[in-house]
Amino acid sequence: LPGFYFDPERNRYFPISSRAAESRPPPPAPTPQLPPPSNNSDRPTRATRSKRILWTTGPSFAARTRVFNSLLHARLEATSQSQNATWPVPLGTTVSAFATTPWPSDSAVRQFIGDNNGCLYDRRYHSEWDEWGDWTLDLCLARGSYVSAILATPDHVVSVCFGSSTKLAIQRSGVPDRTTLLNFPAISDVRAASIQRGALALGSGSRGFLVPDLDVHHSVRVIATGSDVFSIAQHESLIYTGVRSGTVLRFDSRTKTDRTAHAQVICDSVLGWGSDPQAHAPLSSASFVRPLSDGASIVVGFMDGRLASYDLRFLRRSAPPTVVYASLPPGPSTSPPPLPLGVSLDPAERFVFSARRDGFLRGWALHNGRPLEPPDTNTGDGLFTTCFASPPTALCVIEEGGSVALWAAGDDQVSRWTLCV
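Source: prediction; values computed, not measured.

## Regarding the overall build of the protein
1) Next: Helix and strand counts for the protein come out as three helices and 31 strands.
2) Next: When the 421 residues of the protein are sorted by exposure, 46% land in the buried category.
3) Next: For the protein, contacts bridging at least 24 residues in sequence account for 46% of all contacts bridging at least 6.
4) Next: Summed over its atoms, the accessible surface of the protein is roughly 22600 Å², and 54% of this surface lies on carbon and sulfur atoms.

This is how it looks when you write it as structure tokens:
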């Protein structure tokens, strides 16, 4: 056959091309390649090994954090820059509320003062001159009563007056010169207020109230606390109320809030204070509540001056505070003043500041309770060495164009310090 050959051993035909493939010698085996000679220059030298050992044996993250916090404490303790604002109201009136709009703001930065005569004053910051303007009388909510709360957010400024009929003054950031007045005759004796994304919570006599949206409608929901509300705060959908009996209650605005059975007890002023779990501390109204931004802790202050934080993750009514900043003062108990002590946290939630009964300000590290103490060389105008004629009722710590300032208002005095943080 053309193109084929016959193989007698296998007794069959095969293509002629297959014979050429079979006769082709196999390719030679590859020769093994020896590795290149080692280069001693790539080995770490003694200096390099010592640097690595020095880096791995350096201070840990916790140690570096402790050093940073110690330096921050020292800078705060040495704060001594003070500015006193000119008192704008007639003799005989005192500050009952104070607030500053956030920096930066779409409109002019403003400050507000409410006095014990129901009047509201404001002033504006002039950035071109780097100074504040003069105080002017804005309006009088209820003569003969006192302004119990001023809330300043980027969108609203809400002022509340204590009295038999609750009156609100609402100013919006878009039109700061226009004020809307609201009257709630069914709500009386509002001592505290809180605003969050347009939702306004009011703490009044015997119960609380919630206005879900100030910009849409003014319908009111009842928050059944069963006692007079002295402090109130919001965090997401949760509402925290501190009542006269010293108990802190938590409500969920997504569910019903019109019965006390819907409340969850966070803590109180009687149980959990002291080494003996069976011992009871004196009853005191919860005048300050502030849940932290992470929702894991809450700072609670009482009318007798006690200040502490509680863990919200493992709730038990008799559980002691996780951190105690100011305990019960020694000696015989005295009657609390008519207005609570001013308490405020810095924007970063690293420190808590509070006014004390002796007229001085005090501060603590928020997460471990380490006190901020003034140095021996500090002057009389320092943050912790200035003595007020009466304890400040309003503290405000805000960011002001790259710096952090603490404002303290009480009696007939308004002071400002630039915090070294």
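Next comes the rest of the write-up.
## What about the side chain of Arg306?
1) Next: Its location among the elements puts Arg306 in the loop between strand 22 (297-302) and strand 23 (307-311).
2) Next: Looking at Arg306, its side chain comes within polar contact range of the main-chain oxygen of Pro282, at 2.8 Å.
3) Next: A polar atom in the side chain of Arg306 sits 3.0 Å from the side chain of Asp304.
4) Next: For Arg306, the contacting residues outside a window of four places in its chain are Ser269, Trp273, Ala281, Pro282, Ser284, Val300, Gly301, Ala326, Ser327 and Leu328.

## Re the packing of aromatic side chains
1) Next: Going through the model one piece at a time under the given rule, you end up with six aromatic pairs.
2) Next: An angle of 65° between the planes, with centres 5.3 Å apart, marks the rings of Tyr125 and Trp132 as edge-to-face.
3) Next: On the basis of an interplanar angle of 90° and a centroid distance of 6.2 Å, the ring pair of Trp132 and Trp407 is categorised as edge-to-face. Highlighted residues: Trp132 in strand 7 (residues 131-132) and Trp407 in strand 30 (residues 403-410), separated in sequence by 275 residues. Each member of the pair, Trp132 as well as Trp407, carries the same accessibility label: buried.
4) Next: An aromatic cluster of at least three residues, connected via ring pairs, comprises Phe98, Tyr125, Trp132 and Trp407.
5) Next: The cationic tip of Arg191 hangs over the ring face of Phe230; the distance from NZ or CZ to the ring centre is 4.7 Å.
6) Next: Above the ring of Phe302, the side-chain terminus of Arg306 is found at 5.2 Å from the ring centroid.

## What to know about the side chain of Ser237
1) Next: With respect to the secondary-structure elements, Ser237 resides in the loop between strand 17 (229-235) and strand 18 (238-243).
2) Next: Judged by relative accessible area, Ser237 falls into the buried class, the value being 15%.
3) Next: Polar contacts involving the side chain of Ser237 include one to the side chain of Asp252, which spans 3.4 Å.
4) Next: Once residues within four sequence positions are removed from consideration, Ser237 is found in contact with Phe251, Asp252, Ser253 and Arg254.

## Some details on a negative patch on the surface
1) Next: A contiguous patch of negative charge, built from Glu128, Asp130, Glu131 and Asp134, is present on the exposed surface.
2) Next: With respect to the helices and strands, the residue Glu128 is situated in the loop between strand 6 (119-126) and strand 7.

## Considerations on the pairing of strand 15 (residues 208-211)
A regular strand places its side chains so that they alternate between the two faces of the sheet.
1) Next: Going residue by residue along strand 15, you find Gly208 and Leu210 tucked away on one face and Phe209 and Val211 tucked away on the opposite face as well.
2) Next: Where strand 14 (residues 199-203) and strand 15 come together, four bridges link them in antiparallel fashion. Bridging across to strand 15, Gly203 finds its partner in Gly208.
3) Next: In terms of strand pairing, strand 15 meets strand 16 (residues 221-223) through three bridges, oriented antiparallel. Each bridged residue has a counterpart across the sheet, and for Leu210 the counterpart in strand 16 is Arg221.

Calculation criteria
Residues numbered from 1 in each chain as written. Predicted model: local features only at pLDDT ≥ 70, side-chain atom pairs only at ≥ 80, totals over all residues. Heavy atoms only, no water. Helix = DSSP H or I, 4+ residues; strand = E, 2+ residues; numbered from the N terminus. Buried < 20%, exposed > 50% of the residue type's maximum accessible area, 1.4 Å probe, protein only. Contact = heavy atoms within 4.5 Å. Areas by Shrake-Rupley, 256 points an atom, 1.4 Å probe, with all protein chains shown as cover. Polar contact = N/O pair within 3.5 Å; in protein donor to acceptor, adjacent residues only side chain to side chain. Phe/Tyr/Trp six-rings, centres within 6.5 Å; stacked < 30°, edge-to-face > 60°. Lys NZ or Arg CZ within 6 Å of the ring centre and 35° of its normal. Patch = residues over 30% accessible without salt bridge, like charges linked within 9 Å, V, L, I, M, F, W, Y side chains within 5 Å. Salt bridge = Lys/Arg side-chain N within 4 Å of Asp/Glu carboxyl O. Lys, Arg positive; Asp, Glu negative; His and termini not counted. Charge placed at Lys NZ, Arg CZ, Asp CG, Glu CD. Pairing = 2+ DSSP bridges.

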